[in-house]
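# Commentary on secondary and tertiary structure
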Amino acid sequence: MEIAGQNAELPEIRRRTRLFALLVLLVFGGLAARLFYLQVLEGDAFYRVTADSVIRTEVLPAVRGELRDRRGRVLATTRPSYNVQVVPSRLEEVTYRQLLGYLADHDEELPDWETFRERVAERLDRPFVLATDVSRETMSQLETSLESRGVSVMTEARRHYPHGPLAAHTLGYLNEVSAEEVRTLKEEGYRPGDLVGRTGIEKQWEPYLRGRKGFRKYVVPRRGVDPADIRIEDLVEGPTQVDSVPGEHLVLTIDLDVQKLVERALAAQRAAAAVVVEVDTGRILAMVSRPGFDPNVMSGRLSAEAAGRLFNDPFRPLRDRTLSDTFNPGSTFKVISALTALEDGILTTEDRTKCNRFVQVGRRRFHCTKAHSVVNLMQAVLQSCNVYFYELGMHPGIMDRLARHATEFGLGVPSGLGINGEQAGFVPSEQWHREREAALNAQAVGPQGFMIGHALNTAIGEGATRVTPTQMALVYAAIAKDGTLWLPQIIERIESADGKVLEEFPPRVRRQLTVRPETLALLRKALVGVVNDPKGTAYRARSPRVLVAGKTGTAQVGTSRGRAGELPPLYARLDHAWFAGFAPADAPKIAFAVLVEHGGHGGDVAAPVASQIAERYMDLVAEREHAETAASDPKPSLVGRAGPSAKVP
Amino acid sequence: MLKVFSWRKLVFRFDWTLVLGTLVVVFLGLVNLWGSVKDQQYLLFARQLSWVGLGLVLFFVIASIDYRIIARYAYVLYGGGALLLVAVLLAGKMVAGARRWFDLGPSHFQPSEIMKVVVILALGKYLNDTPVLEGRTLRHLAMPVVIVGVPFLLIAAQPDLGTAMMVALIFLSVMITARLRVKTMLGLAALALLAAAPIWEYVLHDYQRSRVLAFINPALDPATAWQPRQAMNAVGSGRFIGKGFLEGNQIRLRNLPALWTDFPFAVWAEEWGFLGCLVMLGAYTFLIMRALRVASEARDRFGAAVCVGAAAIMFWQVTVNIGMVTGVLPVVGVTLPLVSYGGSSILTVLVSLGLVMNVSVRRYAY
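Residues numbered from 1 in each chain as written. Chains lettered and ligands numbered in written order. Predicted model: local features only at pLDDT ≥ 70, side-chain atom pairs only at ≥ 80, totals over all residues. Heavy atoms only, no water.

When you go through chain A residue by residue, the secondary structure sums to 24 helices and 23 strands. Across the 649 residues that make up chain A, the buried fraction comes to 50%. Considering only contacts in chain A between residues 6 or more positions apart, those separated by 24 or more positions represent 73%. Roughly 30700 Å² of accessible area belongs to chain A as shown, and the carbon and sulfur atoms make up 51% of that amount. (Helix = DSSP H or I, 4+ residues; strand = E, 2+ residues; numbered from the N terminus. Buried < 20%, exposed > 50% of the residue type's maximum accessible area, 1.4 Å probe, protein only. Contact = heavy atoms within 4.5 Å. Areas by Shrake-Rupley, 256 points an atom, 1.4 Å probe, with all protein chains shown as cover.)

The following block contains the structure:
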């Protein structure tokens, strides 16, 4: 390195370096002075603010909103539950054994001492919830005898369904968020131990129901510090207290009494579904899926045994058959076929067909239930004559016409209730059959394209057509209501915790069907005949008190399908029994669809259930009207008349 | 001809006071880190220990290579450092919205830290090669401004305003001792004032502006003012002799972010009180004074510039870090030399002290 010439600079550098040193001393002196001020002059004040105090945050839980029926009766609420919590590191074996003694009658399975120690081995200092929802008696016993020995009783809010399994699928249930979910839902305020709606309305309306948690931060002063000297605001970022906001209440369109009567009407069936819709509004009055489950059990700590029972049951109690399963509609679909024939001018009411128990198409016979002799459209619906509808099915282009009308009635698309992964069902078309053929041929499965037999099957509600009971109830409600297809509704309004109405949902028309009124009138007449004409397929289920209209259906069950192997063999071979209709036929109030899985004939099994529902519903309406009349026009009692202040006009 | 020392001469001329001062600060830093990570992450402490070990090895290695050899490669090192800064912008690990680090598996490497030393070397080389007897004017500043401007802009783009500001302050410190005319210094100050408005408007991010505003008026943004207030609470509550080692929980309980990197002095002040603070400040003062002393005794412009630069690194970082912990400066994320957690920071300071040692050993060599 060349250094010549620069040595002359060095004295000046030395001078300036000394100046820099002076700057360092001055600045560091300033810092020392600042430290002296903070630590020595103001130290005591800072110490008082902070002196070893611990900040605790108490989470203020939000009370979950209630689910209520349309008359305000509670279907799901929140109640206190007492959980036994232990701190493993403070718990001795003798205390644990004593604790097991106190909890001997408790439903939950409790681990023995060794298993318990294994389970908590890695978190001895963290509280462990041993038993949930113990009785008040147990709670008070524990509090008085074991509280000082590492056992405590914590109160938590627990979801409670006062009517047990009633409407369980529709209401849904809750359970704890998983560790994985906590990671993804953290932003929304979920923490370990929080409950989240898993199915039904509890899941779909979770954001409204859950409310918002609050918190309160407070200082626990130690070492004799006067709490008055401590300002929490100096220690905590942001607000020190945020009140929780309770969840909103949902008033459902479900009517508890109707729900109960439908549950009772289906009680004898092993697997079934029924949906009742208000004809004038499209509001759902009842939804029942059997077998059911108790959401109180599902929302608690489910034992492995109980979970196994529920999940392995071949009748699938957790499945919502009203919305999540689709079925062939069977003959209940014939109203669409009849409507297509009349609306598209394919047949008139005068056209007749002779039913000899089958029609022959190529080498295949398409059967009817019996030889109906000569039938017109009215008789064909009334007696559910397949042959008549097979003849209809032979008209060119009928598949697509059927598909168009079925789709207009809302089949093949979800009804819009949005809960429990509602299924769309399926409406086949010629095009679909052709595409399916192409796909199957590509897999070398063999020719399956559109054939006339597909149209014949579709015309009687078999083949590829799939519907949900909810969709069928809405179809029949539209027929009853002069072609008004409603958007089904299950939430009527949202109320705040203090009872203020926040939002109301009026009935909404999904569409006005383009069907002539005379066609609908004719169909309604035929549907009355199904139940009330001696030749009608549901004649045995007629009611002496209510004029019921509807259509039976017996949907064939494929032998190789799904869970047939798990079900009792004789049971699995039986067809699904359907009945869909409305009542009273002369002034319809409700429409309904009843499906009994593997029930057999619709007329024998489903129609009596529907009839019973209609009868009991009308009884209920009459009772209510009577009660309202009595309330608004009370008859003066004898005592009243004799009373000194009574004035008789 | 360059003379390479024999090991005997090297040991004989070693500046043991500088070594001792360095070891004292390193020791205080480790004690403080142990207190900070208590109950939490001993892995952090182990990593810091290994960085300190590596840093001390580098300290001795750098001290033993004649600094005039290092000066020959100053521009090459500068070019390499600038390339690393470009690379980190393109391929660095994104942490909290900033691209400052290369991900080296178990650890991270922050090239902007090392760049502080490289800038000093390049400046020293330039000043050494262009002696000006009559004092430097603004015209003479063009090249040094380029030398510092490139890394400044690249670091500011990461964005890492704290380190960019440090580079600028180190540059100013070196230049002030480089025979700048008074008029030139005033010109520089005017330029800085003129640049302030556009920098505030276009260079600073929202969060950086809010930190400065919250410093000026804490009521404007209580959330931003909260961090420094907590730090100040901790410092003040240490009082005269502190709460004792491992007894200061004020900072730890509040879970301040960047506790080990930005706020270690708050932990120290809380646990050791005013006396402890004086000890730490004293140790820094000793090291800085020692570096300036070596600078004033250096035999060439390069050696002086490197020593002033090393002193400036420590001086400005200590000032800004303690200033922000004690509430006299806004929070800008500057580490406390040899005390803050972080390999890049430790290595930078130990390498710069190694250079001071190098100059010190050779001040009587020719």
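From this point, the discussion proceeds with the structure in view.
With that out of the way, let us pick up the overall build of chain B. When helices and strands are counted, chain B shows 15 helices and 3 strands. For chain B, the residues scored as buried account for 58% of the 366 residues in total. The contacts of chain B with a sequence gap of at least 6 include a subset with a gap of at least 24, amounting to 75%. When the accessible area of chain B is evaluated, it comes to approximately 14700 Å², of which 71% is carbon and sulfur surface.

To continue, consider the interface of chain B and chain A. Taken together, the 64 residues of chain B in the interface contact 44 residues of chain A. Both faces combined, the contact of chain B with chain A buries some 4600 Å², and carbon together with sulfur accounts for 66% of it. The salt bridge involving B:Arg239 is made with A:Asp44; its shortest N-O contact spans 2.9 Å. If you look at where chain B meets chain A, you find 7 residue pairs in polar contact (both at pLDDT 80 or more). At the level of elements, α4 (67-72), α8 (161-176), α11 (222-237), α12 (250-253), α13 (264-297) and α14 (301-325) of chain B are the ones that each hand at least two residues to the side of chain B that touches chain A. (Buried area = accessible area lost by both parts, 1.4 Å probe. Salt bridge = Lys/Arg side-chain N within 4 Å of Asp/Glu carboxyl O. Polar contact = N/O pair within 3.5 Å; in protein donor to acceptor, adjacent residues only side chain to side chain.)

Residues and elements named next belong to chain A. Between helix α14 (residues 334-343) and helix α17 (residues 398-408), the least distance of the axes is 9 Å, while the angle of their chain directions is 110°. Between α14 and α17, the angle falls in the class roughly perpendicular. Of the two elements, α14 crosses α17, and the hand of that crossing is right-handed. Of the residues in α17, those in contact with Ile336, Ser337, Leu339, Thr340 and Glu343 of α14 are Ile398, Arg401, Leu402, His405 and Ala406. Considering only residue class, the contact of α14 with α17 consists of 5 nonpolar, 3 polar and 2 charged. (Axes fitted to C-alpha atoms, helices over the stretch in contact; angles between N-to-C directions. Parallel < 35°, antiparallel > 145°, perpendicular 65-115°, else oblique. Left-handed = near helix turned anticlockwise from the far one by under 90°. Nonpolar A, V, L, I, M, F, W, Y, C, P; charged D, E, K, R; others polar.)

Overall, the predicted model of chain B reaches an average pLDDT of 84, with 89% of residues at or above 70. Reported confidence for the predicted complex is 0.92 by ipTM and 0.63 by pTM. (pLDDT = per-residue confidence, 0-100.)

Let's shift gears to the environment of B:Leu281. Looking at the secondary structure, you find B:Leu281 in helix α13. Separated by 256 residues in sequence, B:Leu281 and B:Val25 place their C-alpha atoms 9.6 Å apart.

So, about helix α3 (residues 42-64) of chain B. Across its 23 residues, α3(B) extends 34 Å between first and last C-alpha, which sits within 8% of the 33 Å expected from 1.5 Å per residue. Turning to α3(B), its buried residues number three or more, namely B:Leu44, B:Phe45, B:Gln48, B:Trp51, B:Val52, B:Gly55, B:Phe59, B:Ile62 and B:Ala63. (Expected span 1.5 Å × (residues − 1).)

What follows concerns the pattern of salt bridges. All names here are of chain A. All chains considered together, the criterion is met by 44 salt bridges over all chains. Across the salt bridge formed by Asp257 and Arg73, the nearest N and O atoms sit 2.9 Å from each other. Highlighted residues: Asp257 in helix α11 (residues 256-266) and Arg73 in the loop between β2 (67-68) and β3 (74-86), separated in sequence by 184 residues. Linked by salt bridges that have partners in common, Glu66, Arg68, Arg70, Glu278, Arg283, Glu492, Arg493 and Glu495 make up one network.

Now for the sheet that holds strand β21 (residues 549-555) of chain A. Residues and elements named next belong to chain A. One open sheet accounts for 5 strands, arranged β12-β11-β23-β22-β21; its pairing is antiparallel. The two strands at the open ends of the sheet, each matched to only one other strand, are β12 (284-290) and β21. Each adjacent strand pair in this sheet contributes to an overall mean axis angle of 5°, direction not counted. Pairing analysis gives 7 bridges linking strand β11 (residues 272-278) to strand β23 (residues 590-596), with the strands arranged antiparallel. (Pairing = 2+ DSSP bridges.)

Our focus in this paragraph is the sheet that holds strand β1 (residues 93-95) of chain B. All names here are of chain B. The strand order β1-β2-β3 describes an open sheet built from 3 strands, whose pairing is antiparallel. Edge positions in the sheet fall to β1 and β3 (107-109), since each has one partner strand and no second. Neighbouring strand axes in the sheet, compared pairwise and without regard to direction, differ in orientation by 55° on average. Alignment of strand β2 (residues 98-104) against β3, held across 3 bridges, turns out to be antiparallel. Along β3, the bridge assignment pairs Phe102 with Phe109.

All names here are of chain B. As for its placement among the helices and strands, Asn128 is situated in helix α6 (residues 111-129). Asn128 gets classed as buried once you look at its relative accessible area, which sits at 3%. For Asn128, the side chain forms a polar contact with the main-chain nitrogen of Phe302, separated by 2.9 Å.

Time to look at the packing of aromatic side chains. Per the counting criterion, the structure on display carries 25 aromatic pairs over all chains. Look at A:Phe28 and B:Phe315: their rings are 5.6 Å apart centre to centre, the planes differ by 35°, and that puts the pair in the tilted class. Here A:Phe28 is found in helix α1 (residues 10-41), whereas its partner B:Phe315 is found in helix α14 on a different chain. Note on accessibility: A:Phe28 and B:Phe315 belong to one class, buried. (Phe/Tyr/Trp six-rings, centres within 6.5 Å; stacked < 30°, edge-to-face > 60°.)

Residue and element names in this part refer to chain A. Inspection of the secondary structure assignment puts Leu100 in helix α3 (residues 93-102). Taking the C-alpha atoms as reference, Leu100 lies 8.4 Å from Asp112; in sequence the two are 12 residues apart. If we ignore the near neighbours within four places in the chain, the residues touching Leu100 are Leu110 and Pro111.

Next up on the list: a nonpolar patch on the surface. Residues A:Phe36, A:Tyr37, A:Val40, A:Leu41, B:Phe240, B:Ile241, B:Leu275 and B:Leu278 make up a contiguous nonpolar surface patch of roughly 710 Å² in combined accessible area. For the nonpolar patch, the secondary-structure elements that each account for two or more residues are α1 of chain A together with α13 of chain B. In terms of residues, the nonpolar patch owes the most to one element, α1(A), which gives 4 residues. Tracing the backbone shows A:Leu41 in helix α1. Residue classification places A:Leu41 among the exposed positions, given a relative accessible area of 54%. (Patch = residues over 30% accessible without salt bridge, like charges linked within 9 Å, V, L, I, M, F, W, Y side chains within 5 Å.)

So, about α8(B). Here α8(B) contains 16 residues, and its C-alpha end-to-end distance of 22 Å stays within 8% of the 22 Å for a straight helix at 1.5 Å per residue. On its buried face, α8(B) is in contact with α1 of chain A together with α6, α7 (142-156) and α14 of chain B.

Residues and elements named next belong to chain A. If you trace the backbone, Arg158 turns up in strand β5 (residues 151-160). Each C-alpha atom of the pair Arg158 and Arg64 lies 9.2 Å from the other, and the pair is 94 residues apart in sequence. In this structure, Arg158 is in contact with Thr77, Thr78, Arg79, Ser81, Thr132, Asp133, Asn296, Gly300 and Arg301, ignoring residues within four places of it in sequence.

Take unusual backbone geometry next. In this model, A:Arg290 is joined to A:Pro291 through a cis peptide bond whose omega is -5°. Within the secondary structure, A:Pro291 sits in the loop between β12 and α12 (295-298). Cis geometry is adopted by the peptide bond preceding B:Pro159, which originates at B:Gln158 and carries an omega value of -5°. In this fold, B:Pro159 is placed in the loop between α7 and α8. Residue B:Leu338 is not a glycine yet carries a positive backbone phi of 65°. On the secondary structure map, B:Leu338 appears in the loop between α14 and α15 (343-361). Overall, the relative accessible area of 2% leaves B:Leu338 in the buried class.

Okay, the confidence of the model for chain A next. Averaged over all residues, the pLDDT of chain A equals 86, while 90% of them reach at least 70. Segment residues 637-649 of chain A: pLDDT under 50, and 4 contacts once partners within four positions in sequence are set aside and those in other chains are kept.

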